[in-house]
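Descriptive analysis of the structure
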Amino acid sequence: MADVQAAAATSSRSGLCGELFHDAFLIPWSPSAPLRVCVGLQLQADSGVRYNRVTLHIHHAASSDTPPSSVQRLYPKGAMVSFPGLSAKDFSNRLVHREPGTFPFLTVKVPSMLQVLSFFPPTVMVTFQSMDSSQLKDQGNYHFRQKNYDGAVQLYGMCIDKLVASGDPAIDAKSLVLAYCNRAQCFLLLGRWIEAYDDCIKALELDPHHGKSSFRLGKALHHMQEYSLACDVLEKTGERNCPENTGGVVAEQLEKSRTFLAQSTLGNYGEFLQKYLTSAESCKAGHNAPECSEYLEPVAIRLTPDGKGRGLFATKDLKAGSLVLVSNAMAMARWKNSKDTFRSLQGDVVTELVQRCMRSKADLQRLDTLPDSSQSKRTDVPSMSLFGPNQAARAGVEPPQGHAIIRDCQLEDVDAERIERIFLTTGYASDGEHRSDLARALIGADLFCGLWLLPSFINHSCFSNLSQIDVGRAAFFHATRDINAGDELTVSYIDAHDSWALYRRQRCSQFGFECHCKRCAVEAAYDEKIKHISSVYTENMVYNSFIDPGAQRFLAGLAPQIEAVIQDASDEEKYIIQTAYIAAYVSYYMEIRSSAGSSILIHEGEVPPPASLARALRFCVPGHYKTICRLRDELYVPLEVSDFCSWIGSDCGQNEQTGLELLRRMEAGTWPWQIRMNKQMAQHGLRN
Ligand SMILES: C[S@@+](CC[C@H](N)C(=O)[O-])C[C@H]1O[C@@H](n2cnc3c(N)ncnc32)[C@H](O)[C@@H]1O
């Protein structure tokens with residue numbers, strides 16, 4: 001993605017220094033949604049003080065799908081934008097004429113090269129420059145109240161410069177503390193945590209007892225995922241006379257940081273998840289989902305021994321149902337209205353990734369560990385110290401200071417086109433039901449896409465040992481089987497209820513690999529023996545047995561034939577083949593029930609009882625809501641509440657109460673796939 005296109009009038013004089021483009025249009029990056037934001041620009045030569053710098057003055061923002069506030073934040077009206085440090089050669093490399101002609105397009109390949117120099121037009125800047133520190137502070141306060149936080153950052157910065165330059169900062173120490181503290185608040189509101197942290201540290205160096213700076217330092221640390229340091233700071237803040245403590249905000253923040261600390265170190269999410277899963281209010285829309293910390297205590301990245309590149313591995317023994325990993329999306333976008341398309345959502349995600357990398361070198365380093373489409377066989381194993389909460393606290397060091405801000409590392413490192421390739425390779429879109437996403441199944445089809453860092457290292461297996469629940473930005477992974485320390489952790493990238501012959505094999509090849517899991521190996525071994533059955537199965541499945549009773553009868557007839565082929569197989573092999581052709585068994589039992597009293601073509605007893613098929617399904621695809629639905633609704637396996645709860649337990653580590661609540665919703669038919677299925681059946685006159 002990540003192109004910035006600028007259309008410049010042909011009358012513009014070319015070259016770098018002293019060149020002038022007038023009335024150009026800049027269209028910020030988003031190749032996935034190329035025309036999302038347009039900002040009118042005037043390009044102007046710089047004065048020569050900064051030699052190779054082109055300055056762009058933005059006139060106005062226009063024609064955008066994006067909310068005006070986002071456009072203004074990126075390219076505010078009147079702002080001065082530049083490409084710092086470019087040589088003439090760099091400049092022509094990065095700004096490419098797309099369509100030479102009367103209205104040529106220019107493309108900036110690396111949008112992070114674009115820096116906003118000033119949030120105010122030059123005429124206003126002249127006025128500001130003549131103001132004293134107190135007037136600048138007042139202007140900063142005014143723009144803060146107007147919610148122009150970028151502008152306020154600039155004004156407080158000018159105020160700080162004036163105070164420091166005044167010679168004896170001691171005289172103005174109080175004003176300086178206030179200016180740093182105010183700017184820190186702007187940084188917090190802009191999500192620039194490290195800069196907020198830096199400003200609070202500076203304020204506290206001048207006045208170690210400044211309560212507001214201390215509170216904001218705690219908040220910055222919380223957002224930097226340094227929960228234990230945040231708790232230390234906030235505990236001390238509570239003892240100070242902090243004006244923001246009215247209404248208990250310090251105590252509230254401290255409570256939140258303590259909760260996040262327990263979550264991140266102990267995996268203590270029980271109540272959080274239960275509340276989310278059982279309260280219709282809290283989970284109605286993913287947008288409102290509560291925030292939580294990340295948890296990655298039991299996992300590590302290692303090289304796989306079987307050529308899959310890197311993978312995620314367990315560092316300790318984990319019982320089925322236990323929590324393995326919680327990861328917050330690095331960037332994510334949700335379907336908001338009918339105008340949204342998947343491409344536009346993808347464009348938003350990549351834009352967010354680029355912006356995060358521009359703000360934080362740490363984020364850039366983390367993202368850079370992921371493969372893009374041109375690096376499928378990457379073998380470098382990144383250090384776990386790049387990921388996860390409480391890193392500085394663990395290492396006993398100060399948290400990263402300003403050096404993490406991208407302006408101090410190579411801007412060229414933020415290659416937006418590569419970031420888009422990474423997203424397209426490892427991003428996750430909720431486009432179906434193939435993940436065992438219980439929460440989404442319960443709350444409704446919530447369409448979104450995003451990028452999660454550590455989960456991007458999890459390889460695929462059709463015999464996977466993890467299930468996933470998405471709660472807002474957080475992806476929760478639970479063990480669906482007992483896992484030993486050193487085992488590889490896997491998820492299914494596809495619907496693991498498909499058979500190898502029908503879909504699974506092709507779908508894995510679409511991802512660019514062949515799966516060698518034990519299910520695939522057994523199914524491949526039986527491929528020849530079961531060829532005829534398999535082709536009738538595929539034909540009738542594709543024809544949609546569910547809607548056509550004839551197809552259902554064909555499928556039902558296959559179940560005894562499959563049983564004949566696998567009669568001498570081991571239990572595990574039987575389970576695998578039964579699961580692969582489960583629709584035949586389901587049809588068999590449906591046929592027996594629906595044809596009671598009429599001519600029964602098949603006889604009970606030729607295939608295993610439903611409870612045995614339930615064992616097969618739970619052996620191959622445990623911890624998946626679709627498995628449980630299938631057992632209950634299609635195989636008519638009577639599920640005791642306690643069975644149900646223990647099975648749900650392997651999906652989301654929940655207790656009986658939650659299981660009961662989920663069961664009620666299931667009974668009420670409010671699971672989205674049930675609603676869809678009911679509609680489909682009603683359309684065909686099979687159900688009212
Ligand atoms: C999301 S990444 C997983 C992490 C990746 N292995 C790495 O080294 O960064 C997905 C890629 O991993 C590889 N992969 C995942 N599951 C695999 C499997 N079962 N067999 C072979 N390759 C697999 C494929 O190259 C796939 O495109």
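Residues numbered from 1 in each chain as written. Predicted model: local features only at pLDDT ≥ 70, side-chain atom pairs only at ≥ 80, totals over all residues. Heavy atoms only, no water.

Our next topic: the confidence of the model for the protein. Of all residues in the protein, 66% attain a pLDDT of 70 or more, and the chain-wide mean is 75. The model gives residues 1-66 a pLDDT under 50, and that stretch makes 212 contacts with residues more than four places away or in other chains. Taken together, the stretch residues 95-109 has pLDDT below 50 and engages in 51 contacts with residues farther than four places along the chain or on a different chain. For this predicted complex, the interface score ipTM comes out at 1.00, alongside a pTM of 0.82. (pLDDT = per-residue confidence, 0-100. Contact = heavy atoms within 4.5 Å.)

Right, let's get into the site of the ligand. Within the structure, the ligand sits among 14 residues, and Lys-308, Arg-310, Ser-456, Asn-459 and His-460 are positioned closest to it. Note that a nitrogen atom of the ligand is positioned 2.8 Å from one of the backbone N or O atoms of His-460. Starting from 570 Å² of accessible surface for the ligand in isolation, the protein chains cover 90%. (Near = heavy atom within 4 Å. Polar contact = N/O pair within 3.5 Å; in protein donor to acceptor, adjacent residues only side chain to side chain. Areas by Shrake-Rupley, 256 points an atom, 1.4 Å probe, with all protein chains shown as cover.)

This brings us to the pairing of strand 15 (residues 466-471). Counting buried positions over the six residues of strand 15 gives six, a clear majority of the element. Of the two faces of strand 15, both are covered, the one formed by Leu-466, Gln-468 and Asp-470 as well as the one formed by Ser-467, Ile-469 and Val-471. Two elements, strand 15 and strand 16 (residues 474-479), share six bridges in a ladder whose sense is antiparallel. Along strand 16, the bridge assignment pairs Ile-469 with Phe-476. Counted between consecutive antiparallel strands, the loop separating strand 15 from strand 16 contains two residues, among which Gly-472 sits at a positive phi close to 60°. (Buried < 20%, exposed > 50% of the residue type's maximum accessible area, 1.4 Å probe, protein only. Helix = DSSP H or I, 4+ residues; strand = E, 2+ residues; numbered from the N terminus. Pairing = 2+ DSSP bridges.)

Looking now at the nonpolar core. One finds Leu-367 and Ile-562 to be the most contacted residues of the largest nonpolar core, which totals 97 residues. No other element matches the nine residues that helix 23 (residues 582-594) contributes to this core. Among all residues touching Leu-367, those that are not within four sequence positions of it are Met-330, Leu-353, Cys-357, Ile-419, Ile-422, Leu-451 and Leu-453. Ala-220, Cys-231, Val-233 and Cys-242 belong to the second largest nonpolar core, which has 27 residues in total. (Core = buried A, V, L, I, M, F, W, Y, C linked by side-chain atoms within 4.5 Å.)

As a further point, take the UniProt feature "repeat: TPR" (unreviewed entry) in the protein. Those residues carrying the UniProt feature "repeat: TPR" (unreviewed entry) are residues 177-210 in this numbering. Helix makes up 79% of residues 177-210 and strand 0%, and the two end C-alpha atoms of the span are 8 Å apart. (UniProt positions renumbered as here; feature names shortened; annotations may be inferred.)

We now examine the packing of aromatic side chains. Enumeration according to the criterion identifies 18 aromatic pairs in this entry. Relative to Tyr-295, the ring of Tyr-269 lies with its centre 6.4 Å away and its plane at 65°, an arrangement referred to as edge-to-face. Taken together, the positions of Tyr-269 in the loop between helix 10 (249-266) and helix 11 (270-278) and Tyr-295 in the loop between helix 12 (280-283) and strand 9 (299-303) put the pair 26 residues apart, joining distant regions of the chain. When its relative accessible area of 2% is taken as the criterion, Tyr-269 is described as buried. Its end group placed over the ring of Trp-500, Arg-505 keeps NZ or CZ at 4.1 Å from the ring centre. In this structure, Lys-529 is placed above the aromatic ring of Tyr-526, and the distance from its NZ or CZ to the ring centre is 4.3 Å. (Phe/Tyr/Trp six-rings, centres within 6.5 Å; stacked < 30°, edge-to-face > 60°. Lys NZ or Arg CZ within 6 Å of the ring centre and 35° of its normal.)

As a further point, take the pattern of salt bridges. Overall, the coordinates contain 22 salt bridges when judged by the stated rule. Here Arg-310 and Asp-380 are joined by a salt bridge, their closest N and O atoms 3.7 Å apart. Of the two residues, Arg-310 sits in strand 10 (residues 310-314) while Asp-380 sits in the loop between helix 14 (361-368) and helix 15 (391-395), which places them 70 residues apart along the sequence. When its relative accessible area of 6% is taken as the criterion, Arg-310 is described as buried. Linked by salt bridges that have partners in common, Asp-368, Asp-372, Arg-418 and Arg-421 make up one network. (Salt bridge = Lys/Arg side-chain N within 4 Å of Asp/Glu carboxyl O.)

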